[in-house]
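Residue strings, one per chain:
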Amino acid sequence: MGRYHALQYHDMASAQLVAVCDARSEVAQHYASLYHCRAYTTVDDLLANEQLDAVSLTVPTSYHYKLAIQLLESGIPLLVEKPIAQTIEQAQDIIRLATQKQVCLTVGHIERFNPAVTALKSLIDSEKMGPVISIHTRRVSPMPTQIRDANVAIDLAVHDVDIICWFLKKRPHTVTRFGHAFTLGDRDDLATIMMAFDDAVGISEVHWLSPMKERKLTLTALKGSAELDFVNQTLRWMTEGDVAWRSSSVTMANALSIQLAHFVACVQTGAKPLVSGEEGLLALQVAVGETLGTEKL
């Protein structure tokens, strides 16, 4: 994801990309040259030579903890790509340190900034469809070769877990997780996560076994229903009495661009980010199958 973050920061009017850092010198030099900034191969050198206002941490998941702690110790506002960390304990440490340092911390749950998701969130909050009672998501694709240190639930299901909890404004009280490694000996490449809330259910289905990429959500409410396509950024819905689907007018946009602009604005103004570290932790907890309490979000 680093290359995409670098491009968006380079093109952003409200921020200046000053440096990229990658352990592979040739990669760092390539993107530094492409986006007219400086290149580093270690975070130590980056921090020693730059006065940074914010950082996107887009390294593999297994490196999130070490580097997030190092950056937060330096007092630098941080966007950590999802998942927030590899383990719950690591995520809790990251959140504690950000709180202690009073530094902005957000997690890269990019679907919150998808225009179709934003439109459905507004529709839910308007209560036109009544209370939501069921959300089912399906997120499947071929195996991504760049993901070598996370299973499919931690890599993919966290997206949909976050959206389901955000839509319902609750955390599940019971989580049941099924997983299997069909092609990867040490990691699940297929998983289904079932979440029970006080008055709703959520199901996240993910796998890396499909030849085609599919990202969809189906929602049922007491007085209506909705269908959303994350990839095509389309939304259709109906309420009681409708005999056909209504299509919401959604203007396609780059969700990453919106997300990073939001992060920069939060750093500049001190506003609370849309996705908190605690919400990133919640998505991770559910993805690994931890049962939670019924505390509202």
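Data block above holds the structure.
Here we summarise the structure given alongside this text.

Here is what the cut-offs are and how they apply
Residues numbered from 1 in each chain as written. Predicted model: local features only at pLDDT ≥ 70, side-chain atom pairs only at ≥ 80, totals over all residues. Heavy atoms only, no water. Axes fitted to C-alpha atoms, helices over the stretch in contact; angles between N-to-C directions. Helix = DSSP H or I, 4+ residues; strand = E, 2+ residues; numbered from the N terminus. Parallel < 35°, antiparallel > 145°, perpendicular 65-115°, else oblique. Left-handed = near helix turned anticlockwise from the far one by under 90°. Contact = heavy atoms within 4.5 Å. Nonpolar A, V, L, I, M, F, W, Y, C, P; charged D, E, K, R; others polar. Pairing = 2+ DSSP bridges. Buried < 20%, exposed > 50% of the residue type's maximum accessible area, 1.4 Å probe, protein only. Lys, Arg positive; Asp, Glu negative; His and termini not counted. Salt bridge = Lys/Arg side-chain N within 4 Å of Asp/Glu carboxyl O. Polar contact = N/O pair within 3.5 Å; in protein donor to acceptor, adjacent residues only side chain to side chain. Phe/Tyr/Trp six-rings, centres within 6.5 Å; stacked < 30°, edge-to-face > 60°. Lys NZ or Arg CZ within 6 Å of the ring centre and 35° of its normal. Core = buried A, V, L, I, M, F, W, Y, C linked by side-chain atoms within 4.5 Å. Right-handed = clockwise from strand over helix to strand, strands pointing away.

Moving on, we get to the packing of helix 6 (residues 115–126) against helix 7 (residues 152–168). Two measures define how a pair of helices packs: the angle their axes make with one another and the distance between the axes. Relative orientation of the contacting elements helix 6 and helix 7 amounts to 30°, with a least axis distance of 10 Å. By the criterion of interaxial angle, the relationship of helix 6 to helix 7 is roughly parallel. Remark: the crossing between helix 6 and helix 7 carries right-handed chirality. Of the residues in helix 7, those touching helix 6 at Val117, Leu120, Lys121 and Ile124 are Ile163, Trp166 and Phe167. Residues of the contact of helix 6 with helix 7, tallied by class, amount to six nonpolar, no polar and one charged.

A few words now on the sheet that holds strand 6 (residues 132–142). Strand order in the open sheet formed by eight strands is 7-8-9-6-10-11-12-13, with mixed pairing between adjacent strands. Each edge of the open sheet carries a strand with a single partner, namely strand 7 (174–180) and strand 13 (246–247). Most of the contacts of helix 7 go to strand 9 (residues 201–207), to which it runs at about 155°, and overall it touches strand 6, strand 7, strand 8 (190–196), strand 9 and strand 10 (209–221).

Here we take up the side chain of Glu81. As for its position among the elements, Glu81 is in strand 4 (residues 78–81). There is no salt bridge for the buried Glu81, and the closest opposite charge comes from Lys82, which lies 5.8 Å off by N-O distance. Within the local environment of Glu81, its side chain forms a polar contact with the side chain of His5, the two groups lying 2.9 Å apart. Excluding its chain neighbours within four sequence positions, the residues that come into contact with Glu81 are Met1, His5, Leu57, Thr58, His64 and Gly108.

This part covers the packing of aromatic side chains. Both the distance between ring centres and the angle between the ring planes are used here to describe each pair of aromatic rings. Following the criterion strictly, the structure yields two aromatic pairs and no others. Measuring from centroid to centroid gives 6.3 Å for Tyr31 and Tyr35, while their planes differ by 20°, and the two rings are stacked. Assigned by exposure class, Tyr31 and Tyr35 land together as buried. With 6.0 Å between their ring centres and 25° between their planes, Trp166 and Phe167 make a pair best called stacked. The exposure class of Trp166 is buried, given its relative accessible area of 13%. The residue whose ring lies beneath Lys121 is Trp166, and the NZ or CZ to ring-centre distance is 5.1 Å. Lying across the ring of Phe230, Arg139 places its NZ or CZ 4.7 Å from the centre.

In spatial order, the strands read 3-4-5; together these three strands make up an open sheet with parallel pairing. Either end of the sheet is taken by a strand with one partner, and the two such strands are strand 3 (55–57) and strand 5 (105–108). On average, each strand axis in the sheet is tilted by 20° relative to the strand beside it, whichever way the strands run.

The subject of this paragraph is the nonpolar core. The biggest cluster of nonpolar side chains holds 75 residues, and the ones touching the most others in it are Leu78, Leu120, Met129, Phe167, Leu217 and Leu219. Of all hydrophobic cores here, the second largest spans 17 residues; its members include Met12, Leu17, Phe263 and Cys266.

Here strand 4 pairs with strand 5 via four bridges, running parallel. Residue pairing in the sheet places Glu81 in a bridge with Gly108 of strand 5. Since strand 4 and strand 5 lie parallel, the crossover through helix 5 (residues 88–101) that links them has a hand, and here it is right-handed.

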